Amino acid sequence: MNITVDLKVVYFPSCINRSMGKNSFQNSDDLQLTALTHQLLIRAGFTIIYPESVDSHCCGMPFSSKGFAEANHAQSEALETALLKASENGKYPVLYDMSPCFYHSKEEFSKTLKIVDPIEFMLDYVMPQLTVKNKKETVTIFPVCSVKKIGKTEQLVALSKLCADKVTLIDSNCCGFAGDRGFLIPELNEHGLRELKAQIPANCKEGFSTSRTCEIGLEKMSGIDFKSIFYLIEEVTR
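Quantities reported herein were computed from a predicted structural model and do not represent experimental measurements.

## Details of the state of the cysteines
Inference 1: Across all of its chains, the model carries zero disulfides by this definition.
Inference 2: With no disulfide of its own, Cys58 lies 3.7 Å from the sulfur of Cys15, the closest cysteine sulfur.
Inference 3: Free cysteine: Cys174, not disulfide-bonded; nearest cysteine sulfur from Cys145 at 3.5 Å.
Inference 4: Using a relative accessible area of 27% as the deciding quantity, one classes Cys174 as partly exposed.

## Here we look at the sheet that holds strand β1 (residues 8-12)
Inference 1: An order of β2-β1-β3-β4 is seen for the four strands of this open sheet, with the pairing classed as parallel. Because the sheet does not close on itself, it has two edges, and the strands there are β2 (47-49) and β4 (115-116).
Inference 2: Sheet analysis places β1 next to strand β3 (residues 94-96), joined by three bridges and oriented parallel. In the sheet register, Phe12 faces β3, and the bridge partner there is Tyr96.
Inference 3: Lying over the sheet, helix α2 (residues 33-43) contacts β1, β2 and β3, oriented at roughly 175° with respect to β1.

## Here we look at the packing of helix α4 (residues 69-86) against helix α5 (residues 99-108)
Inference 1: One can describe the packing of α4 onto α5 by two numbers: an axis separation of 11 Å at closest approach and a directional angle of 90°. As judged from the angle between their axes, α4 and α5 are roughly perpendicular. Here α4 contributes Asn72, His73, Ser76 and Leu79 to the contact with α5, which in turn contributes His104, Ser105 and Glu108.
Inference 2: Split into classes, the residues belonging to the contact of α4 with α5 amount to one nonpolar, five polar and one charged.

## Section: α5
Inference 1: Listed as buried for α5 are Ser99, Pro100, Cys101, Phe102, His104 and Ser105.
Inference 2: In this structure, the buried side of α5 is in contact with α3 (61-64), α4, β3, β4, α6 (118-126) and α7 (145-149).

## Concerning the packing of aromatic side chains
Each aromatic ring pair is described using two quantities: the centre-to-centre distance and the angle formed by the ring planes.
Inference 1: Across all of its chains, the model carries six aromatic pairs by this definition.
Inference 2: Seen from their ring centres, Phe121 and Tyr125 are 4.5 Å apart, and the 10° between their planes marks the pair as stacked. Placement of the pair is Phe121 and Tyr125 together in helix α6, with a separation of four residues, close to one helical turn. No difference in accessibility class separates Phe121 from Tyr125, as the two residues are buried.
Inference 3: Ring geometry for Phe177 against Phe183: centres 5.0 Å apart, planes inclined by 90°, an arrangement best described as edge-to-face.
Inference 4: Taken together, the ring pairs connect Phe12, Tyr96 and Phe102 into an aromatic cluster.

## Here's the deal with the sheet that holds strand β7 (residues 206-209)
Inference 1: In space, the four strands of this open sheet follow the order β6-β5-β7-β8, with parallel pairing throughout. Edge strands, defined here as strands with exactly one partner in the open sheet, are β6 (164-169) and β8 (225-228). Within this sheet the neighbouring strands show an average axis-to-axis angle of 35°, counted without direction.
Inference 2: Note: strand β5 (residues 136-141) against β7, two bridges, orientation parallel.

Rules used throughout
- Residues numbered from 1 in each chain as written.
- Predicted model: local features only at pLDDT ≥ 70, side-chain atom pairs only at ≥ 80, totals over all residues.
- Heavy atoms only, no water.
- Disulfide = S-S within 2.5 Å.
- Buried < 20%, exposed > 50% of the residue type's maximum accessible area, 1.4 Å probe, protein only.
- Pairing = 2+ DSSP bridges.
- Helix = DSSP H or I, 4+ residues; strand = E, 2+ residues; numbered from the N terminus.
- Contact = heavy atoms within 4.5 Å.
- Axes fitted to C-alpha atoms, helices over the stretch in contact; angles between N-to-C directions.
- Parallel < 35°, antiparallel > 145°, perpendicular 65-115°, else oblique.
- Nonpolar A, V, L, I, M, F, W, Y, C, P; charged D, E, K, R; others polar.
- Phe/Tyr/Trp six-rings, centres within 6.5 Å; stacked < 30°, edge-to-face > 60°.

In structure tokens form, the structure reads like this:
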């Protein structure tokens, strides 16, 4: 995707990333993802537009996945209306910071909005504006289910290879966290990632993905630092 407008972006921080803190490997002075994303976009030269009443918005997937169709549609419609206004009826792209939320809105929205998943936005919009200064030696990446559904696995690998010399792609159909079910039924996560540790090189201490809840399960089952790939981009281009 080419940049066809000036460097303005509507940033929709997902409710998961707004509400959840950092992982256990991060330091007290590390930024939370929403603040880090804001900093990264500013460094890349973007003017950021936030939807009005951003903290009230959700893509609706937490309701949809539990069968609450009416609440899902109400949340999705409210978000679509807010994003249309913030983007001046689709003039500016809308960045999602979680792949599952992007996938859900892509399925739900009816209007012409340039919503962009985190991988594509970083690869096509942000990286061309930045310089990689301190490439990592080795990282592990995990394409979550929604990334596979939208066919972005190869782009995730390409983005990661801009940031690290050696990239290990975890081979697993699903991490088993399944939205928030991993909190209630950890056996799902344990089974989905039963072969995870064996795939991570011994000298690799960091993993990256594009879904906070999946990263919680990945961190638990791998024993290494797993967080948004936005952190990797921020670190190597700083």
